[in-house]
Amino acid sequence: MKIPFSPPYINDAVKNEVLDSLDSGWITTGPKVKLLEQQIAEQTKVPHVLCVNSWTSGAMLIFNWMGLGPEDEVIIPAYTYSATALAVIHSGAKPVLVDVGEDFNISLEAIEKAITPKTKVIMPVDIAGWPCDYDEINQLAERRKAVFNPSSEVQKKLGRILVISDAAHSIGATYKGKKTGLLTDITIFSLHAVKNVTTAEGGAICLNLPEPFKNDELYATLRCYSLNGQTKDAFSKSKAGSWRYDIIYPGLKINMPDVLAAIGVGQMQTYESEVLPRRVEIFEYYNRFFSNKHWAIAPPSKDEDKASSCHLYALRIKNATEAQRDAIIAYISTKDVAVNVHFQPLPLLTVFKTMGFNIADFPVAFDQYKNEISLPIYPQLSEIELNFIVETVSAAVEDVMA
């Protein structure tokens, strides 16, 4: 039995939307992108959503709009995918790495210790789809206004640290009755091929800024910026007599094409009603099985305040070393079950080592990583396949740990 790690969920609704886009004769940014933005806005209850070609470029777009410079700092967790930090670096600012808690997510205490007058952004990451402690993070940004030292007009207008949720994993998650997307000033979803909702490649920026910002005006500004600073997109220009445009910003070329947005439009039609509930069912199946294993540490999924999007099942093997975890994965792979590790903490990677980061400064991040194994979790998995996965993982752990 061969079980892949995370194939895309492609049903008839997705195929029909993509064919509709192809048959329309218009495949770059146009009506499908607009529809996907509306679907995500309705799902999250956020004022405005802008779709772009990746999470990374979406973050870079926001950092550019903020006017971040080389003296500005962005606080992020050490336990995340590299894109979280690379977006900061490519925008000319400095990533400040901090440790995480036992739930994989950024430590509030570590954030508070890292804040300086140079701090312009706090960017927590919802690892595996589990929301961070957003009330506390938002309150912290407000509480530390006195040390905030703005370096651009946008920053002066805000008057405090901006909070951006890296919600690459967490579309559909909830926190205190609100959907992810509505929990911070700005939220950015990833719509990459392995995510709960995909456009093959893509990202969605949710705009939820307070007064005096106007989110509709910011949407228009960012949309223009995402199209090279051009005042008309190609769809508008294609209409008879509408060829003239202007370039009003030194923008980026990071727009999402319609043919990719069509995949997301199809997926959003059944995400809340079918796909997300099935992911929850699989998560609970794993929980039931591993609750009987003394060596298993299950990932968080639900409490009185939070519900995960169940993007990853981040199983940890109690007392396993990094070498033992790797041996367990090697055993599992001999049975044709694809598993993964999420993530290698950034200080373990060459780019960040050369920047001076040392994994010894992030002990919890390393402890979470060294014995973590991500199991397949997607709607297409059958009961037979799920049983095969858990039995294979169990046999691998008991063989290696013995």
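Because the structure is predicted, anything quoted here is derived from the model rather than measured.

Relative to the helices and strands, D258 is located in helix α10 (residues 258–290). With no salt bridge to any partner, buried D258 finds its closest opposite charge in K32, at an N-O distance of 7.0 Å. In contact with D258, other than residues within four places in its own chain, are S21, W26, I27, T28, T29, G30, P31, K32 and V33.

Core analysis: the largest hydrophobic core is formed by 55 residues, its most contacted members being I62, F63, W65 and I186. Looking at this core element by element, the count peaks at 8 residues for helix α3 (residues 55–66). If you count residues domain by domain, this core takes at least three from each of domain 1 (12–269) and domain 2 (274–401). Beyond its immediate chain neighbours, meaning those up to four positions away, I62 contacts L162, I164, I186, I188, I205 and L222. Counting 30 residues, the second largest nonpolar core, distinct from the first, contains I329, I377, V390 and V393.

Counted under the stated rule, the structure contains 13 aromatic pairs. Look at Y134 and Y175: their rings are 6.0 Å apart centre to centre, the planes differ by 90°, and that puts the pair in the edge-to-face class. Of this pair, Y134 sits in helix α6 (residues 134–143) while Y175 is found in strand β6 (residues 174–175), placing the two residues 41 residues apart along the sequence. Accessibility expressed as a relative area gives 1% for Y134, which makes it buried.

Time to look at the pairing of strand β1 (residues 48–52). Remember that side chains alternate between the two faces of the sheet whenever the strand is regular. Judged by how many residues are buried, β1 sits mostly within the fold: 4 of 5 residues are covered. For β1 and strand β9 (residues 203–207), the ladder comprises 5 bridges, and the chain directions are antiparallel. Bridging across to β9, L50 finds its partner in I205.

Under the criterion given, the structure shown has 19 salt bridges. Note that E17 and K32 form a salt bridge whose closest N and O atoms lie 2.5 Å from each other. Pair noted here: E17 is in helix α1 (residues 12–24) and K32 is in helix α2 (residues 31–44), with a separation of 15 residues, a long-range link. A salt bridge links K113 to E109; the shortest N-O distance between them is 3.4 Å. With K113 and E109 both in helix α5 (residues 108–114) and 4 residues apart, the pair spans about one turn of that helix. Given the relative accessible area of 66%, K113 is considered exposed. E109 gets classed as exposed once you look at its relative accessible area, which sits at 53%. Each of the salt bridges in this network shares a partner with another, and the network as a whole consists of E142, K145, R160 and D185.

Attention now moves to the domain arrangement of the protein. When its domains are assigned, the protein resolves into domain 1 (12–269) and domain 2 (274–401). On a C-alpha basis, the centroid separation for the pair domain 1 and domain 2 is 27 Å. On the domain 2 side, the residues contacting the 37 residues of domain 1 number 34 residues. Of the roughly 2900 Å² buried at the junction of domain 1 and domain 2 (both faces included), carbon and sulfur atoms supply 66%. The closest approach of N and O atoms between D133 and K306, which form a salt bridge, is 2.7 Å. If you look at where domain 1 meets domain 2, you find 18 residue pairs in polar contact (both at pLDDT 80 or more). At the level of secondary structure, the elements contributing two or more residues to the side of domain 1 that touches domain 2 comprise β2 (73–77), α4 (82–90), β3 (94–98) and β6. The dominant element in the side of domain 1 that touches domain 2, judged by the number of residues it contributes, is α4, at 4 residues.

What follows deals with a negative patch on the surface. A contiguous patch of negative charge, built from E136, D303, E304 and D305, is present on the exposed surface. One can find D305 in the loop between β10 (296–297) and β11 (306–307).

Across the sheet, which stays open at both edges, the 7 strands sit in the order β1-β9-β8-β5-β4-β2-β3 with mixed pairing between neighbours. Edge positions in the sheet fall to β1 and β3, since each of these pairs with one other strand and no more. The sheet shows a mean angle of 25° between the axes of neighbouring strands, taken without regard to direction. Across 3 bridges, β2 lies against strand β4 (residues 119–122) in parallel orientation. The residue of β4 that forms the bridge with E73 is T119. Packing of α2 onto the sheet brings it into contact with β1, β8 (186–190) and β9, and relative to β1 it is tilted by some 135°. α4 contacts β2, β3 and β5 (162–166) of the sheet and is inclined by roughly 150° relative to β3.

Quick notes on the rules
- Residues numbered from 1 in each chain as written.
- Predicted model: local features only at pLDDT ≥ 70, side-chain atom pairs only at ≥ 80, totals over all residues.
- Heavy atoms only, no water.
- Helix = DSSP H or I, 4+ residues; strand = E, 2+ residues; numbered from the N terminus.
- Buried < 20%, exposed > 50% of the residue type's maximum accessible area, 1.4 Å probe, protein only.
- Lys, Arg positive; Asp, Glu negative; His and termini not counted.
- Salt bridge = Lys/Arg side-chain N within 4 Å of Asp/Glu carboxyl O.
- Contact = heavy atoms within 4.5 Å.
- Core = buried A, V, L, I, M, F, W, Y, C linked by side-chain atoms within 4.5 Å.
- Domains from an automatic or database assignment.
- Phe/Tyr/Trp six-rings, centres within 6.5 Å; stacked < 30°, edge-to-face > 60°.
- Pairing = 2+ DSSP bridges.
- Buried area = accessible area lost by both parts, 1.4 Å probe.
- Polar contact = N/O pair within 3.5 Å; in protein donor to acceptor, adjacent residues only side chain to side chain.
- Patch = residues over 30% accessible without salt bridge, like charges linked within 9 Å, V, L, I, M, F, W, Y side chains within 5 Å.
- Areas by Shrake-Rupley, 256 points an atom, 1.4 Å probe, with all protein chains shown as cover.
- Charge placed at Lys NZ, Arg CZ, Asp CG, Glu CD.
- Axes fitted to C-alpha atoms, helices over the stretch in contact; angles between N-to-C directions.

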